[in-house]
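# Working through the structure, step by step
This is what each chain is made of:
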Amino acid sequence: MEFAWLLGFVFAGVLIWIGFSKSVGTMRPSSRQVVAAAGFLLLLVMIAFSLDKAFGWWAKFPKVIVGTLGVLIVLDRFVRIALIPGRGGNTVLDLGRVGGAEVIVNIIVALALAWYVMKDIADVIQLPGWKLENISYQIFGLSIALAVLIQGVSKRKLLAGGVFLGTSLLAWGKIESFGWEKESGTAATLVLYKRKAIPFFTSANISVQLTHMKQIEDIMGQHNIARKSEAAKTEL
């Protein structure tokens, strides 16, 4: 058991290292972010379980906080969709919704998670004497499902003040360079490299139609954002 525990920490470290290291293979920048994020998530889970095993803190943790956090996540998503596009100014180019398999995956994952959570909630509330804390995990799970669905179906736009990524605005001044990743015969992935001191989540990715590529490059040029040639060469 101890060996498996140690293996979990080692595996998390390897994922983080692969995600940050540019010398490992020819992985695309967007794929590296996913790998690094998975490593950090696994590391946090391992640390949480280790602390719970040592101190038993989770049994004493007020579960209602988890449900409250879930509600706040949903409210945050809706507020972002309603207010952020207006803060970014006029629409310069409407990129539409995420194309290809990504939007399908987002919808399927969101609906599957929502169905499972709602079924679980229905079972719990039929029990006598149930409380809000009894469905806190389910509320949090439902909030994640809604957040994934919202992110998947939201439109992406180039605005006067920056790039609207569905639920967030990336200002032009925070973009250092851009590149392209081949996705299919009709779409490509625009990679926006951010100006960040911390080397984590340093890029944002948007699936766009090939017909928009020239317009996007022209708009990037207007904001003095140069193309990063290495991004176009890297493939998974």
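What you see is a predicted model; the values in this text were computed from it and never measured.

This part takes up the pairing of strand E2 (residues 155-159). Side-chain positions along a regular strand alternate between the two faces of the sheet. Pairing geometry for strand E1 (residues 91-97) and E2, over five bridges, is antiparallel. Across the sheet, the residue bridging to Asp 94 is Lys 157, located in E2. As judged from the three bridges shared by E2 and strand E3 (residues 162-164), these two strands associate in the antiparallel manner. By the bridge assignment for E3, Leu 159 is matched with Gly 162. Two successive antiparallel strands, E2 and E3, enclose a turn made up of two residues.

Right, let's talk about unusual backbone geometry for a bit. Of note, the phi angle at Asn 224 is positive, near 55°, even though the residue is not glycine. Following the sequence through the fold, Asn 224 ends up in the loop between helix H6 (213-222) and strand E8 (226-227). For Asn 224, a relative accessible area of 70% corresponds to the exposed category.

Moving on: the side chain of His 212. By the element assignment, His 212 lies in the loop between strand E7 (203-209) and H6. Setting aside residues up to four positions removed in sequence, His 212 forms contacts with Leu 93, Asp 94 and Leu 95.

In total, this model carries one aromatic pair according to the counting rule given. Relative to Trp 180, the ring of Phe 178 has its centre 6.4 Å away and its plane inclined at 90°; by these criteria the two rings are edge-to-face. In this structure Trp 180 comes out as buried when scored by relative accessible area, which is 4%. Directly above the aromatic system of Tyr 193 lies the positively charged group of Lys 228, at a separation of 4.3 Å from the ring centroid.

The next subject is the sheet that holds E3. The sheet built from four strands is open, its strands ordered E1-E2-E3-E4 with antiparallel pairing. Each edge of the open sheet is held by one strand with a lone partner, namely E1 and strand E4 (169-171). With direction set aside, neighbouring strand axes in the sheet form an average angle of 15°.

Calculation rules
Residues numbered from 1 in each chain as written. Predicted model: local features only at pLDDT ≥ 70, side-chain atom pairs only at ≥ 80, totals over all residues. Heavy atoms only, no water. Pairing = 2+ DSSP bridges. Helix = DSSP H or I, 4+ residues; strand = E, 2+ residues; numbered from the N terminus. Buried < 20%, exposed > 50% of the residue type's maximum accessible area, 1.4 Å probe, protein only. Contact = heavy atoms within 4.5 Å. Phe/Tyr/Trp six-rings, centres within 6.5 Å; stacked < 30°, edge-to-face > 60°. Lys NZ or Arg CZ within 6 Å of the ring centre and 35° of its normal. Axes fitted to C-alpha atoms, helices over the stretch in contact; angles between N-to-C directions.

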